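One letter stands for each residue in the lines below.
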Amino acid sequence: MANVMLKSTLSVSQNLGQLIKILPKRSIQTTSIAFKVTSGRYKVTRDRSKPLTYEMANQPCMIAHRKSWNSWNTTSLYEGMREPETAIEDMFIRKFMTGTWHNLFVSEVIIKRQHNMIRIAGIIQQKIIPRKMYFLIGYSEELLSYWLRCPVKLELQTVGDQKDVVYKYV
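Residues numbered from 1 in each chain as written. Predicted model: local features only at pLDDT ≥ 70, side-chain atom pairs only at ≥ 80, totals over all residues. Heavy atoms only, no water.

J.: I keep staring at helix H4 (residues 130-148) and nothing clicks. Help me out?
T.: Residues separated by three or four positions in an α-helix point in the same direction, a consequence of the helix having 3.6 residues per turn. An ideal rise of 1.5 Å per residue puts 27 Å on 19 residues; H4 measures up with 27 Å between its terminal C-alpha atoms. When H4 is considered as a whole, its buried residues turn out to be Met133, Leu136, Ser140, Glu141, Leu144 and Leu148. The buried residues of H4 occupy one face: seen down the axis, they fall within an arc of 125°. Exposed residues lying more than 90 degrees from the buried face of H4 are Arg131, Tyr134, Phe135, Glu142 and Tyr146. Of the residues trailing H4, Arg149 is marked for its positive phi of about 60°. (Helix = DSSP H or I, 4+ residues; strand = E, 2+ residues; numbered from the N terminus. Expected span 1.5 Å × (residues − 1). Buried < 20%, exposed > 50% of the residue type's maximum accessible area, 1.4 Å probe, protein only. Arc of directions from axis to C-beta.)

See below:
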């Protein structure tokens, strides 16, 4: 019995010796874990002069509670069709709308898909004359309908100034 105990203590000491040789090569990190989530949150400025809209003021964890999704579609459901194509089309629509309506959008571009129809919503400023606005609405609807091969309808609301959509300052 003593012989078995002696062998086990020797093997433990040999393993400990090997572990001590390996430790300088492999270091163990002992810092505390930081569960800090900073994405989608805006840093507070000293004079609280940065304006935020309602969509920007709500944190990402508040989606479906106080904030809604910016894209409404059924591709994320079980066995949903065309997931990558829908994501690329949504990105294209957003870039096209912000490029065509240059410096006019004061909110995010909201994309709603129902059956075969795409509805695009947003809030724009009244910086241009109504004739040009109607032209841009028709131009955008026609080109997007042609490129995406489905009917596109724009649902835009106008505000006089960008300060009208400010929810709070940070």
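J.: What is the right way to read the sheet that holds strand E3 (residues 110-114) from this model?
T.: Sheet strands pair by backbone hydrogen bonding; their relative direction is either parallel or antiparallel. Taken in spatial order, the four strands line up as E2-E3-E4-E5 in an open sheet, and their pairing is mixed. The sheet terminates laterally at strand E2 (71-72) and strand E5 (152-159), the two strands that pair on one side only. Pairing of strand E4 (residues 117-125) with E5 involves eight bridges; the strand directions are parallel. In the strand pairing of E5, Ile120 is matched with Leu154. Contacting E2, E3, E4 and E5, helix H3 (residues 83-100) runs over the sheet at an angle of about 135° to E3. Seen against the sheet, H4 touches E4 and E5 and runs at an angle of roughly 150° to E5. (Pairing = 2+ DSSP bridges. Contact = heavy atoms within 4.5 Å. Axes fitted to C-alpha atoms, helices over the stretch in contact; angles between N-to-C directions.)

J.: Just checking my understanding: could you explain the side chain of Arg113 for this structure?
T.: In this structure, Arg113 sits in strand E3. A polar side-chain atom of Arg113 sits 3.2 Å from a polar atom in the side chain of Glu89. A polar contact of 2.8 Å, which involves the side chain of Arg113, links it to the side chain of Asp90. Not counting residues within four places of it along the chain, the set of residues in contact with Arg113 comprises Trp72, Asn73, Thr86, Glu89, Asp90, Ile93 and Ile118. (Polar contact = N/O pair within 3.5 Å; in protein donor to acceptor, adjacent residues only side chain to side chain.)

J.: Any chance you could explain a nonpolar patch on the surface here in plain terms?
T.: Together, Phe92, Tyr146 and Trp147 make up an exposed nonpolar region whose accessible area comes to about 360 Å². Along the polypeptide, Trp147 turns up in helix H4. (Patch = residues over 30% accessible without salt bridge, like charges linked within 9 Å, V, L, I, M, F, W, Y side chains within 5 Å. Areas by Shrake-Rupley, 256 points an atom, 1.4 Å probe, with all protein chains shown as cover. Salt bridge = Lys/Arg side-chain N within 4 Å of Asp/Glu carboxyl O.)

J.: I keep staring at the packing of aromatic side chains and nothing clicks. Help me out?
T.: Two measures describe an aromatic ring pair: the distance that separates the ring centres and the angle between the ring planes. Enumeration over the complete set of coordinates arrives at six aromatic pairs. Between Phe92 and Trp147, the ring centres sit 5.6 Å apart and the planes meet at 75°, which makes this aromatic pair edge-to-face. Taken as a pair, Phe92 in helix H3 and Trp147 in helix H4 lie far apart in primary sequence, 55 residues in all. For Phe92, a relative accessible area of 35% puts it in the partly exposed group. Aromatic pair Phe135 and Tyr139: ring centres 5.8 Å apart, planes at 25°, arrangement stacked. Taken together, the residues Phe135 and Tyr139, both in helix H4 and four residues apart, mark about one turn of the helix. For Phe135, a relative accessible area of 54% translates into the label exposed. Tyr139 sits in the partly exposed class, given a relative accessible area of 36%. Put simply, the rings of Phe92, Phe96, Phe135, Tyr139 and Trp147 pair up and form one aromatic cluster. (Phe/Tyr/Trp six-rings, centres within 6.5 Å; stacked < 30°, edge-to-face > 60°.)

J.: Looking at this structure, I do not really get the layout of surface pockets. What am I missing?
T.: Think of a ball as big as a water molecule: rolled over the atoms, this probe shows where empty space is left. When its volume is computed, the largest pocket comes out at roughly 300 Å³. As for the largest pocket, its lining consists of 15 residues, of which Thr75, Arg82, Thr86, Arg113 and His115 are closest to the centre. Where the lining of the largest pocket is concerned, the elements lending two or more residues are H3, E3 and E4. Within this model, the second largest pocket holds a volume of roughly 220 Å³. Taken together, 14 residues line the second largest pocket, and the ones lying closest to its centre are Ser107, Glu108, Ile110, Gly122 and Ile123. Secondary structure elements with two or more residues in the lining of the second largest pocket: helix H2 (54-57), E4 and E5. A breakdown of the residues in the lining of the second largest pocket according to their chemical character gives six nonpolar, five polar and three charged. (1 Å grid on protein atoms, 1.4 Å probe; cavity = no way out; pocket = protein on both sides within 12 Å on 5 of 7 lines; lining within 4 Å. Points joined across faces, edges and corners; volume = space filled by probe spheres on them. Nonpolar A, V, L, I, M, F, W, Y, C, P; charged D, E, K, R; others polar.)

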